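Inside the fold
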Amino acid sequence: MAMKVALLGCGVVGAEVVQLVDQQASELAARVGTPLEIGGIAVRRLGRERGTGVDPQLFTTDATELVTRPDIDLVVEVIGGIEPARSLILEAIKAGKSVVTANKALLAEDSATLLSAARENNVDIYYEAAVAGAIPLLRPLRESLAGDRVQRVLGIVNGTTNFILDRMDTQGAGFAESLEEAQTLGYAEADPTADVEGFDAAAKAAILARLAFHTQNVTAADVHREGITEVSAGDIASAKAMDCVVKLLAICQRAEDGESVGVRVHPVMLPRRHPLAAVTEAYNAVFVEAESAGRLMFYGPGAGGGPTASAVLGDLVAVARNRLAGTSAGEGAHDTGLPVHAMGQTVTRYHISLDVADRPGVLARVAEVFAQMGVSIKNVRQEGSGEDAQLVLVSHIAPDSALAETVERLRGLDMVHSVASLMRVEAFSEDV
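To start, this report covers the structure provided alongside it. (Residues numbered from 1 in each chain as written. Predicted model: local features only at pLDDT ≥ 70, side-chain atom pairs only at ≥ 80, totals over all residues. Heavy atoms only, no water.)

1. Examining the sheet that holds strand β5 (residues 98-101)
- In spatial order, the strands read β3-β2-β1-β4-β5-β6; together these six strands make up an open sheet with parallel pairing. Unpaired on one side and paired on the other, β3 (59-60) and β6 (125-126) mark the two borders of the sheet.
- As paired strands, strand β4 (residues 74-77) and β5 are joined by four bridges and run parallel to one another. Along β5, the bridge assignment pairs Val75 with Val99.
- Across the face of the sheet, helix α4 (residues 85-94) comes into contact with β1 (3-8), β4, β5 and β6 while running at roughly 150 degrees to β5. (Pairing = 2+ DSSP bridges. Helix = DSSP H or I, 4+ residues; strand = E, 2+ residues; numbered from the N terminus. Contact = heavy atoms within 4.5 Å. Axes fitted to C-alpha atoms, helices over the stretch in contact; angles between N-to-C directions.)

2. Remarks on helix α14 (residues 400-411)
- Along its 12 residues, α14 runs 17 Å from first to last C-alpha, staying within 8% of the 16 Å computed at 1.5 Å per residue.
- If you check which residues of α14 are buried, you get Asp400, Ala402, Leu403, Thr406, Val407 and Leu410. Along the axis of α14, the buried positions cluster into a sector of 165 degrees, meaning they face one direction only.
- Of the surrounding elements, those touching the buried residues of α14 are β13 (347-357), α13 (362-372), β15 (388-395), β16 (398-399) and β17 (416-425). (Expected span 1.5 Å × (residues − 1). Buried < 20%, exposed > 50% of the residue type's maximum accessible area, 1.4 Å probe, protein only. Arc of directions from axis to C-beta.)

3. Description of the side chain of Asp315
- For Asp315, the location among the structural elements is in helix α12 (residues 305-325).
- In contact with Asp315, not counting residues within four places along its chain, are Val100, Tyr126, Tyr127, Glu128, Ala129 and Arg139.

4. Concerning the pairing of β13
- With nine of 11 residues buried, β13 is to be regarded as a mostly interior element.
- Sheet analysis places β13 next to β16, joined by two bridges and oriented antiparallel. Bridging across to β16, Thr348 finds its partner in Ala398.
- With eight bridges joining them, β13 and β17 adopt antiparallel strand pairing. Each residue of the ladder has a partner; that of Val356, found in β17, is Val416.
- The pairing of β13 with β15 spans seven bridges and is antiparallel.

Structural measurements only, silent on function.
Below, the structure written as structure tokens:
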């Protein structure tokens with residue numbers, strides 16, 4: 001007897017899921033142990049041409065009725081957003097249906113409620129497609145590395161921003177020009193705010209941190225977030241001078257004392273020898289540093305209908321197998337309770353470029369400010385230009401609060417005309 005699937009949403013990803021279920025019907029039946037069949041599709045509006053080749057009778061606007069129907073076994077949610085997705089998923093779970101979702105925003109905001117409901121009702125909720133598209137990442141963090149101690153996760157988890165920064169680095173294009181190309185190619189939305197301001201990456205960072213450190217205390221609101229709109233050609237040039245490349249990274253890191261975690265999204269200068277520096281175009285990659293496993297990297301296409309639908313189908317096969325066996329393999333209730341520490345407590349390095357007056361004593365005065373804040377200078381370079389000069393400094397590691405205060409004090413010096421460039425520098429954990 002076929003296992004029936006309710007699909008919530010039939011946009012780019014949903015339509016691709018429908019087509020794959022149809023095209024791979026015999027293979028999916030063999031993998032699961034029984035056929036999978038689309039039992040209904042909830043959409044906002046009927047009568048719209050969707051190109052799925054599905055019987056129009058399957059479409060409905062009553063999503064609640066669909067997910068609670070007695071003949072429905074599994075629910076796939078690809079409508080996105082917080083509501084009505086959350087309410088519909090909870091209704092499905094309470095009705096005894098296992099759920100597959102690609103909803104990063106919802107998981108980043110309220111995964112604790114969803115996971116708790118799934119445990120209470122002995123069903124699964126899988127969400128591999130919520131982060132990095134087709135890249136098998138979340139299950140390895142949740143299962144394969146469950147016996148290890150993850151120290152740090154660095155990820156390029158937004159293809160749009162990676163494409164833009166790659167164009168700025170390799171072709172010398174400006175931000176606006178690169179964004180326009182990304183939109184033309186379909187990598188960026190007409191309103192790219194969620195991507196370029198880091199909101200999309202922050203939601204994914206929250207999910208990664210929760211899985212990597214087994215803590216329910218991380219939501220998108222806890223993630224320090226900076227976008228790429230202020231990255232300039234000067235920043236790109238400065239990075240090249242250091243043999244670095246600029247990337248927007250999601251960084252999840254356990255504090256040195258192990259008592260808290262830091263979760264942040266912002267542009268960084270990354271040494272070209274780091275594996276993430278070689279990730280170009282709209283690709284995603286996540287670099288994991290664990291105590292026993294060492295360094296692991298997951299790489300591949302991070303968005304698009306095909307890759308995301310592939311991850312959805314992988315989860316669908318898994319939850320279908322569990323249902324057929326009468327089991328569930330959801331996440332355990334264990335919670336380390338690790339809190340998220342403030343960005344100011346994060347240990348990092350700064351690259352600072354100052355436009356200064358070209359006169360004796362300037363470097364000494366700047367170094368004095370660093371010393372007053374307890375921040376040491378790793379290297380410094382000065383270039384003169386008439387009555388003005390540019391002073392480029394890279395700090396040693398220090399708390400972000402001390403580095404930020406150092407920059408503010410430098411701005412107040414009369415010989416400092418402006419802070420021309422400011423960006424954090426990341427590398428391997430032992431190098432930071």
